[in-house]
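# Reading the structure
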Amino acid sequence: MPSPTPAPPVTSRGKPVEAPDRDGDRIAGLFDRAAATYDRVGIDLLPTAGRLLVAHARVDEGEHVLDAGCGTGASLFPAARAVGPRGSVTGIDLAPAMVERVRQQSAEHRLPWLRTYVADVEDPHRAALHAPAGGFDVVTAGMLVSFLRRPDRAFRRFRSVLRPGGRLALSWWGPEAPGWGRVVEATRPFGPGTREEIETAVPGQSPPLTPELVRRLADEAGFASVELYEERLEATFRDTGHWWTWTWSTAARAFWESVPPDRLPAARAAAESALAALRAPDGTLPYVLTANFAVCRR
Ligand SMILES: C[S@@+](CC[C@H](N)C(=O)[O-])C[C@H]1O[C@@H](n2cnc3c(N)ncnc32)[C@H](O)[C@@H]1O
């Protein structure tokens, strides 16, 4: 998710490519705990971003797609529908509970050309990418790259499993609408203090992706071209309680989990007081977020 509202921004300035080493188990644990509610709280941001990613990648009938960090399938299912039974889609994710949700849904929708694996896309020793002979036509990586320890290596690895002319399509969250930053500021004092403490407590916050960094990663990995797109996504929270449920359903829960339990009610109250200024006359909370997309051609 966006480092959506409550997670304080963490940067690794000076080290934009190599993020601090993080334990994959912590990231898997985070998404395993989020899996029950992830993308199930009536906010359509992730499915919309997933559909847009597949559209920007121009996934076509009969193609073979790898979805890296597939989560609960925001781009995996649109890709499966786009390729049809003559193609294939392979989803890989670190978090078993996320993959289990994909498996249940895939069985319900009868999609035998969709397969999933619990695996680390950064682990070079796993033959888990299961590239077809000649390579994948498309690798999608929706809202994944900021969780990777070595995005530079991941870009090279993704390129290596693509056929010549194949596409790597990735997405990342950009800024929220003005005003939402106040929620971050209001909650920051309740979380870990120093940058080191935050980086230990809150995985997936750095390096902050930018179009420039994505271009550089793509160039250095040997991609021939990069197309960039920016989309404005909207959602509406019914009230602050809805927002609270949503924020716990996303990766932002890492921030809330880092707040000492006895301080959590005060942290929530501080967030809700900042949210009051964002309320529409009917009491709802309109939310706007930028989603960025890049399509890198091998
Ligand atoms: C923010 S979610 C995005 C999920 C999905 N692509 C979407 O757009 O909704 C990031 C996902 O990447 C997975 N992930 C993070 N690091 C990973 C890694 N090294 N290998 C495989 N999956 C990873 C997480 O478990 C999580 O499901």
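The structure we're discussing is the one just above.
First, a word on what this report is: a plain description of the structure on this page. (Residues numbered from 1 in each chain as written. Predicted model: local features only at pLDDT ≥ 70, side-chain atom pairs only at ≥ 80, totals over all residues. Heavy atoms only, no water.)

### Things to note about helix α1 (residues 24-34)
When α1 is considered as a whole, its buried residues turn out to be Gly 24, Ile 27, Ala 28, Gly 29, Leu 30, Phe 31 and Ala 34. Looking at the buried side of α1, the elements it contacts are α4 (96-108), α9 (240-249) and α10 (253-258). (Buried < 20%, exposed > 50% of the residue type's maximum accessible area, 1.4 Å probe, protein only. Helix = DSSP H or I, 4+ residues; strand = E, 2+ residues; numbered from the N terminus. Contact = heavy atoms within 4.5 Å.)

### Let's talk about the sheet that holds strand β1 (residues 64-68)
For sheets, the rule is that strands pair by backbone hydrogen bonds, running either parallel or antiparallel. The strand order across the open sheet formed by seven strands is β3-β2-β1-β4-β5-β7-β6, and the pairing between neighbours is mixed. Each of the sheet's edge strands pairs with one partner strand only, and the pair in question is β3 (114-118) and β6 (225-237). Each adjacent strand pair in this sheet contributes to an overall mean axis angle of 20°, direction not counted. Summarising the sheet, strand β5 (residues 162-176) and strand β7 (residues 285-297) pair through eight bridges and their orientation is antiparallel. Paired with Arg 167 across the strands is Arg 297, a residue of β7. In the packing of helix α2 (residues 45-57) onto the sheet, the strands contacted are β4 (136-142), β5, β6 and β7, and the crossing angle to β6 comes to about 155°. Helix-sheet contacts for α9 involve β6 and β7, and the interaxial angle to β6 is about 140°. (Pairing = 2+ DSSP bridges. Axes fitted to C-alpha atoms, helices over the stretch in contact; angles between N-to-C directions.)

### A few points about the side chain of Thr 116
Structurally, Thr 116 can be placed in strand β3. Taking the relative accessible area as the measure of exposure, Thr 116 reaches 11% and is therefore buried. Within the local environment of Thr 116, its side chain forms a polar contact with the side chain of Arg 103, the two groups lying 2.8 Å apart. Ignoring anything within four residues of it in the chain, the contact list for Thr 116 reads Leu 76, Gly 91, Val 99, Val 102 and Arg 103. (Polar contact = N/O pair within 3.5 Å; in protein donor to acceptor, adjacent residues only side chain to side chain.)

Taken by themselves, the reported measurements are silent on function.
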